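Report on the structure
One-letter residues, chain by chain:
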Amino acid sequence: MRRALLLVTLGALWAAPAWAGLPAEQDDCLGCHGSDPAMSMDLPSGEKLAVFVDQAVFGKSVHGEILRCTDCHTEKTAYPHDSKPFASKRDVQVAYYEQCKSCHFSNYTKTLDGVHYAVMAKGNRKAALCVDCHGAHDIQRASEPRTRISKTCAGCHGPVYQVYSASVHGREADAGNPDVPVCTDCHRAHDIIDPANGALSMRTPEICGRCHTNEKMMKRYGLSTKVVDTYLKDFHGMSATLQRGTTKVRRSFAAVCTDCHGVHDIQKSSDPTSHTIQANLVQTCRKCHPDATKNFPQAWLSHYEPTPQKASLVWMIQVFYKILIPFMVGGLVLQIALHLWRVVVNR
Amino acid sequence: MSTYIVRFTLKQRIEHVLTMVVFTLLCLTGLPQKFYGSGWAQRLVDLFGGIDSARWIHRFCGWALLISTLFHFYSAIFTIAQKKTRLSMIPTRKDFEDAVATLRYYLGLRDHGPKYDRYDYKQKFEYWGLVVGNIVMVLTGLILIYPTAVARFLPGQLVPAAKVAHSNEGLMAFLVITIWHVYNAHLNPDVFPFDTGIFTGKISRERMLHEHPLELARIEGRADEAGETVGTHVRDVG
């Protein structure tokens, strides 16, 4: 008898569907909320709020085997339970997203520094909440597959997603290339910086540099890893560094990566639509230097370090001073030393 | 005979003070732009109210340097044309001989240093170093203020070339002044702690006798000691 019971149990486990692991208590809730897909309640806004939970979907979600209904729906402690007086679907979402923080506290606090929260705090209730990006009962890992991240953002930011998906990064991401950035690689996920005030663009040398100074990764595409160094050594990079580090109010912004290469529409420098291809360079310079003429782009060494072949004049001047300065300073110091020695000897 | 001799005119003293203030401000606002990655550079820039203000001060001082340099040349050419001055700052063969003799003296190969005229070879070196440096700094500085205007007529590569020259020439000027000038005007045991001559315009007869005996002899009319180079003394206003 015992043996038979064991066999039955094992058989049941083997044949268990995905939701077999749901905590037993769920049955009580799902007894009502899991049976009728049309189950809904009318909200004062005129919207219908679906209150049906698909066991299969929840069971397969990341929380399926971990959370009980009441872990999130904390106020539903008994049956029958009251309905909260929500005016609209959005009210429900705004009220329930707060539940995430009891487990995901660090990500929740990050969102408080994010642009979505700031927009929400100003009264725009359309700004994204946890559930808008992650879902509710159907939560899956946000980055599986990785392209899902950008598609999630596209839900609200459609036009900019269209531009991105036509860029060199977007096309490669769609093709399954794990090297290229998706939205959150530059914008971050929870503490998204407001791109409007310049703080994000001031960080682009570091953001772009994370991949573009990675020898191993750049080798795959035949790209130089000196792009950040050469930028920082140039007038723009120097100015941007000092502007970024300043504690004073910034009155101007020196060009950063995205000012020349574009933001969401970045293309290879060899692409005819690229902002940085030779033919389009003057136009790109004119964004900040309206008087720029056809010679002006040569003032920028295109991320090359001066060599006898490339920018030979700049290279020669560099070499000249590399020799002259030690020679001059060494000579003067030597003469001072000799003079002091003479003074000492004379005494 | 008075113990002091007037060595510098009021105009020369004013030029020195002006150059000193402008040079100091140019270094304080320029060097942090060269060493922009260092913490001290950022703090210094913040002291001037951020990079935009620091750059404004730097350019203002640059213009002041340009104007004072032009004025200096203009008045020098004018006084030379009127033959109101001796060409006391022009390097001569004697300066090279003096330099060699001085080094031989320092090394113990001679018993005494050479006798100098109004400006010794070190002072001429510093003066012409400043003149050449000013020209390089002003020209490259102008290219950096007006890159688009320059590229309208000339190759764009002049702009990064000017930046390299400006930044290195500036560093060299800073090093020469802090090492050489500060030694000669302050730390040199002969003048320590402070050679006040360029501020008061006066120098003691003892120092003249020690440092510029040929000029002293000319001033005091002892042409025999001064040798052939002596002409009628006319007050130097260059």
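Here the residue numbering is sequential within each chain, running from 1 through the sequence in written order. Written order determines the labels here, with chains lettered from A and ligands numbered from 1. Predicted model: local features are reported for residues with pLDDT of at least 70 only, side-chain atom pairs are reported and counted for 80 or more only, and whole-chain, interface and lining totals are derived from all residues.

A tally of regular secondary structure across chain B gives eleven helices and two strands. The helix count covers DSSP runs of H or I at least four residues long, the strand count covers runs of E at least two residues long, and both are numbered beginning at the N terminus. Beginning at the N terminus, the succession of helices and strands in chain B can be written as β-α-α-α-α-α-α-α-α-β-α-α-α. Over its C-alpha atoms, taken along the principal directions, chain B stretches across nearly 60 × 40 × 35 Å. Our exposure labels follow a C-beta count within 10 Å of each residue's own C-beta, placed from the backbone: buried means 20 or more other C-beta atoms, exposed means 12 or fewer, and partly exposed covers the counts in between. Taking all 238 residues of chain B together, the buried fraction comes to 28%. It is the C-beta atoms, placed from the backbone, that decide contacts: two residues are in contact if theirs lie within 7 Å. In chain B, 66% of the contacts between residues at least 6 apart in sequence involve partners at least 24 apart.

Turning our attention to the packing of helix H20 (residues 312-346) of chain A against helix H7 (residues 158-187) of chain B. When two helices pack together, their arrangement is captured by the angle between the axes and the distance separating the axes. Under this scheme, a helix contributes an axis fitted over its contacting stretch, all axes are lines through C-alpha atoms, and angles between N-to-C directions fall in the 0 to 180 degree range. For the pair H20(A) and H7(B), the least separation of the axes is 9 Å and the interaxial angle reads 5°. Taken together, the axis directions place H20(A) and H7(B) in an arrangement best described as roughly parallel. Along its contact with H20(A), which presents Leu313(A), Val314(A), Ile317(A), Gln318(A), Tyr321(A), Leu324(A), Ile325(A), Met328(A), Val329(A), Leu332(A), Val333(A) and Ile336(A), the element H7(B) presents Pro160(B), Ala161(B), Val164(B), Ala165(B), Asn168(B), Leu171(B), Met172(B), Leu175(B), Val176(B), Ile179(B), Trp180(B) and Tyr183(B). Residue polarity is assigned by list, with Asp, Glu, Lys and Arg as charged and Ala, Val, Leu, Ile, Met, Phe, Trp, Tyr, Cys and Pro as nonpolar; anything else, Gly included, falls into the polar class. Among the residues making up the contact of H20(A) with H7(B), the classes are represented as 22 nonpolar, two polar and no charged. Roughly parallel means an angle under 35 degrees; roughly antiparallel, over 145; roughly perpendicular, 65 to 115; everything else is oblique.

Our next topic: the interface of chain A and chain B. Chain A puts 40 residues into the contact, and the matching count from chain B is 36 residues. Elements supplying a minimum of two residues to the side of chain A that touches chain B: helix H17 (235-245) and H20 of chain A. Considering each element in turn, the side of chain A that touches chain B owes the most residues, 17 residues, to H20(A). Residues that form the side of chain A that touches chain B fall into these classes: 23 nonpolar, 13 polar and four charged.

On to the domain arrangement of chain A. For every domain, the bounds stem from an assignment made automatically or drawn from a database. According to the domain assignment, chain A contains domain 1 (19-76 + 83-140), domain 2 (142-181) and domain 3 (193-328). Relative placement of domain 1 of chain A and domain 3 of chain A: their C-alpha centres are 46 Å apart.

This part takes up the nonpolar core. To form a nonpolar core, buried Ala, Val, Leu, Ile, Met, Phe, Trp, Tyr and Cys residues must be joined through C-beta atoms within 7 Å. Counting 18 residues, the largest nonpolar core has Leu158(B), Val159(B), Ala161(B) and Ala162(B) as its most contacted members. Going through the elements one at a time, helix H19 (278-286) and H20 of chain A together with helix H6 (147-153) and H7 of chain B are the ones with two or more residues in this core. A total of six residues in this core trace back to one element, the largest contributor, which is H7(B). Contact partners of Val159(B), with chain neighbours within four places excluded, come to Ala299(A), Ile143(B), Pro147(B), Val150(B) and Ala151(B).

Right, let's talk about the packing of helix H9 (residues 147-154) of chain A against helix H10 (residues 158-166) of chain A for a bit. Residue and element names in this part refer to chain A. The N-to-C vectors of H9 and H10 enclose an angle of 145°; their axes lie 8 Å apart at closest approach. Here Ser150, Cys153 and Ala154 of H9 lie close against H10, whose contacting residues are Gly158, Tyr161 and Tyr164. Of the residues contributing to the contact of H9 with H10, the split by class is four nonpolar, two polar and no charged.

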